[in-house]
Amino acid sequence: MNDFASLRILDRFRSVFQRLNIDYDVMRLILQLKLTMDSRRMPAIFSGSNVKKEGNQFLKSLWMYGLFGVLFLVPFLFLGNEFLFSLTIMFSSLFIILMTSMVSDFSAVLLDIRDKNILHPKPISAKTLNAAKITHIMIYMVLLTGSFVIIPLIVSVFKFGIIFALLFLFEILLVSSLSVVLTAFVYLFILRFFSGEMLKDVINYVQIFLAI
């Protein structure tokens, strides 16, 4: 399996996980397996395209999200002092992209029940399994959100200064967290009041929308 750069960065925080009584070596192995499997899945944004199915498909899709960030966010940074209007549009666009991406591409991450069937019978603590799942989601959110906002964030530093950029970054973190929570509640609502087929149809509709 590949030794992903995100895991090498995570290694620097080994002591933090160990202080929380998390078996870091086991968690890292689970994450490595999950990331390897996810890298072979074709993102919805490439559906119907002629992209070669070689290498890490998710990482290949990040340049597309970066292009969306340039086209959808950067122009609103040049509207003068109309901060309320420009930032409302920017964060709305970011929220829609994150929500649709979470529903279309990361349903397998949020609704993954293979851990329960495969890993729960093993001598692995529930805290380690939960830490692996949460870290798995955080890695993808950081990559997806980072690719979408990195260029607008750099532009904001030169346009409005470091204070504005720090506030902008803080708001990005809040929007990203909100998108994960709302996506989970959407799944919970559909599964609570409707059948699994309904959830499957919703995911398919979102994938078609994002591909278009």
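Residue positions are given per chain, counted from 1 along the sequence in the order it is written. Owing to the predicted nature of the model, reporting of local features is limited to residues with pLDDT of at least 70; listing and counting of side-chain atom pairs is limited to 80 or more, with chain, interface and lining totals taken over all residues. Calculated side-chain values reflect all of the structure's heavy atoms, with hydrogen atoms and water omitted.

(A) Local environment of the pattern of salt bridges. When a carboxyl oxygen of Asp or Glu is within 4 Å of a side-chain nitrogen of Lys or Arg, the pair counts as a salt bridge. In total, this model carries two salt bridges according to the counting rule given. Arg-28 is the partner of Asp-11 in a salt bridge, and the nearest nitrogen-oxygen pair spans 2.7 Å. In this pair, Asp-11 sits in the loop between helix H1 (5-10) and helix H2 (14-19) while Arg-28 sits in helix H3 (residues 24-38), placing the two residues 17 residues apart along the sequence. The buried label goes to any residue with under 20% of its type's maximum accessible area, the exposed label to any with over 50%, and the partly exposed label to all in between, with areas taken from a 1.4 Å probe on protein chains only. In this structure Asp-11 comes out as partly exposed when scored by relative accessible area, which is 27%. Judged by relative accessible area, which is 14%, Arg-28 ranks as buried. Under the scheme used here, helices are H or I runs from DSSP no shorter than 4 residues and strands are E runs no shorter than 2 residues, and both carry numbers assigned from the N terminus.

(B) Spotlight on helix H8 (residues 126-160). In H8, a bend of some 45° at Val-149 exceeds every other bend along the element, and Pro-152, a proline, comes one to four places later. Of the residues flanking the end of H8, it is Gly-161, one or two places downstream, whose phi is positive at about 105°. Throughout, bend refers to the angle between the axes fitted to the seven residues that end at a position and the seven residues that start at it.

(C) Focus on the packing of H8 against helix H9 (residues 162-193). Orientation is described by axes fitted as lines to C-alpha atoms, over the contacting stretch for helices, and by angles from 0 to 180 degrees between their N-to-C directions. Two elements in contact, H8 and H9, have axes separated by 10 Å at closest approach and are oriented at 155°. Taken as axis vectors, H8 and H9 run roughly antiparallel relative to one another. In terms of crossing hand, the pair formed by H8 and H9 is right-handed. Here H8 contributes Ile-137, Met-141, Thr-145, Val-149, Pro-152, Leu-153, Ser-156, Val-157 and Phe-160 to the contact with H9, which in turn contributes Ile-162, Phe-164, Ala-165, Phe-168, Leu-169, Ile-172, Ser-176, Ser-179 and Val-180. For this classification, the nonpolar set comprises Ala, Val, Leu, Ile, Met, Phe, Trp, Tyr, Cys and Pro, the charged set comprises Asp, Glu, Lys and Arg, and every other residue, Gly included, is treated as polar. Residue classes in the contact of H8 with H9 are distributed as 14 nonpolar, four polar and no charged. Here is the rule for angles: anything less than 35 degrees is roughly parallel, anything more than 145 is roughly antiparallel, 65 through 115 is roughly perpendicular, and the remaining ranges are oblique. A clockwise turn of the near helix away from the far one marks a right-handed crossing, whereas an anticlockwise turn of less than a right angle marks a left-handed crossing. Here a residue-residue contact requires only that any non-hydrogen atoms of the pair lie within 4.5 Å.

(D) The arrangement of H3 in detail. One less than the number of residues in a helix, times 1.5 Å, gives the span that helix is expected to have. Taking 1.5 Å of rise per residue, the 15 residues of H3 would be expected to cover 21 Å, and the 21 Å separating its terminal C-alpha atoms lies within 8% of that figure. Listed in full, the buried residues belonging to H3 are Tyr-24, Met-27, Arg-28, Ile-30, Leu-31, Gln-32, Lys-34, Leu-35, Thr-36 and Asp-38.

(E) Summary view of unusual backbone geometry. The phi dihedral of Asn-21 falls on the positive side, at around 60°, and the residue is not glycine. With respect to the secondary-structure elements, Asn-21 resides in the loop between H2 and H3. Asn-21 sits in the exposed class, given a relative accessible area of 60%.

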